[in-house]
Each structure stands twice: as structure tokens, then as C-alpha cells.
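# Working through the structure, step by step
This is what each chain is made of:
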Amino acid sequence: MSNRFREHLDEEPEEEGEMDIRIKKKAPVSENQFFRKLFTEGVVSKEAATEMLPFLIFLSVLGMLYIANSHMAIKNIRNIDQLSKEVKEMSWEYKSLKADLMFKSKLTEVAKKVDTLGIKELTEPPKKIVISSNEY
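Residues numbered from 1 in each chain as written. Predicted model: local features only at pLDDT ≥ 70, side-chain atom pairs only at ≥ 80, totals over all residues. Heavy atoms only, no water.

Our focus in this paragraph is the overall build of the chain. Broken down by element type, the chain carries four helices and zero strands. Put simply, the chain runs from its N terminus to its C terminus through helices and strands in the order α-α-α-α. Classification of the 136 residues of the chain by burial places 1% in the buried group. (Helix = DSSP H or I, 4+ residues; strand = E, 2+ residues; numbered from the N terminus. Buried < 20%, exposed > 50% of the residue type's maximum accessible area, 1.4 Å probe, protein only.)

The following block contains the structure:
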């Protein structure tokens, strides 16, 4: 099997003159030169840039609104989390205070507290006072 590409290259006539190939090294391009070339010779000209300016300003305003909206959403989420934690804590506090009040309002606990004042629990049932209607 022969190499067809090799034969094809051999068949091409050689050029008579030698080509002088010189490699030019590019000088380092500063940023100012890059932007200057881009706007004067490159893709965007000065006229096109000035025509696109309102649209670019519009896009930048939309970007800022998007960022501000995300910051506000995060702030609201944090606020909601904080308030939910406070509600849980207050619910726990309410339940513990309610249980404490129920315990302190028992008859035996009230009797212990009032005993220091000299008041004692009744041992006989209360008496009913009856007043007739013509005694007023």
C-alpha cells in the first residue's frame, strides 16, 4: 500500500524562489492600547458605542435592581427565621408559666401560702344565709 498523500506532495512542482519567512515578535500591548484599538479599529466603533450606551445603562440598572431584590429577599428570609425562633421561645415560656400557675393555684399550694398570714382552711362546710323578700 502506498501513501497517496506522499505521492501528491511529490507531484507538486517546487517553487523557484525561496520564501523569506520572518517572525515578528509583538511588543507587549498595554490595556489602553488594547481598548483604543478595539474601539477605533476593532469590532466596536465610537459611533456604535455611543448608540449602545442607553441600552448598556438600562442593562446595568436592571442588574442593580436584580442584586437589590436578592438582598431584600435574603433580609426578609432572615427576619422571618428570627421571628419564628422568637415565637417558639415565647410559646415555650407561655406553656411553662401556665403550668407554673396551674401548680400554684392548687388548693394545697394556696393553703401553704396563706398559712403564713394566719388564714386557715375551713373544716366545716359553708353556711347558707337566707333572707326573705320582706326583710329588706
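Within the structure shown, the criterion is met by two salt bridges. As a salt-bridge pair, lysine 112 and glutamate 109 come within 3.7 Å of each other at their nearest N and O atoms. Taken together, the residues span about one helical turn, with lysine 112 and glutamate 109 both in helix α4 (residues 107-115) at a distance of three residues. Its relative accessible area of 57% is what places lysine 112 among the exposed residues. (Salt bridge = Lys/Arg side-chain N within 4 Å of Asp/Glu carboxyl O.)

The next subject is helix α3 (residues 46-104). In an α-helix, one turn spans 3.6 residues, which is why side chains three or four residues apart end up on the same side. The end-to-end C-alpha distance of α3 is 85 Å, a good match for the 87 Å that 59 residues give at a rise of 1.5 Å each. A maximum bend of about 40 degrees is found in α3 at leucine 53, where proline proline 54 lies one to four positions downstream. (Expected span 1.5 Å × (residues − 1). Bend = angle between axes of the 7 residues up to and from the residue.)

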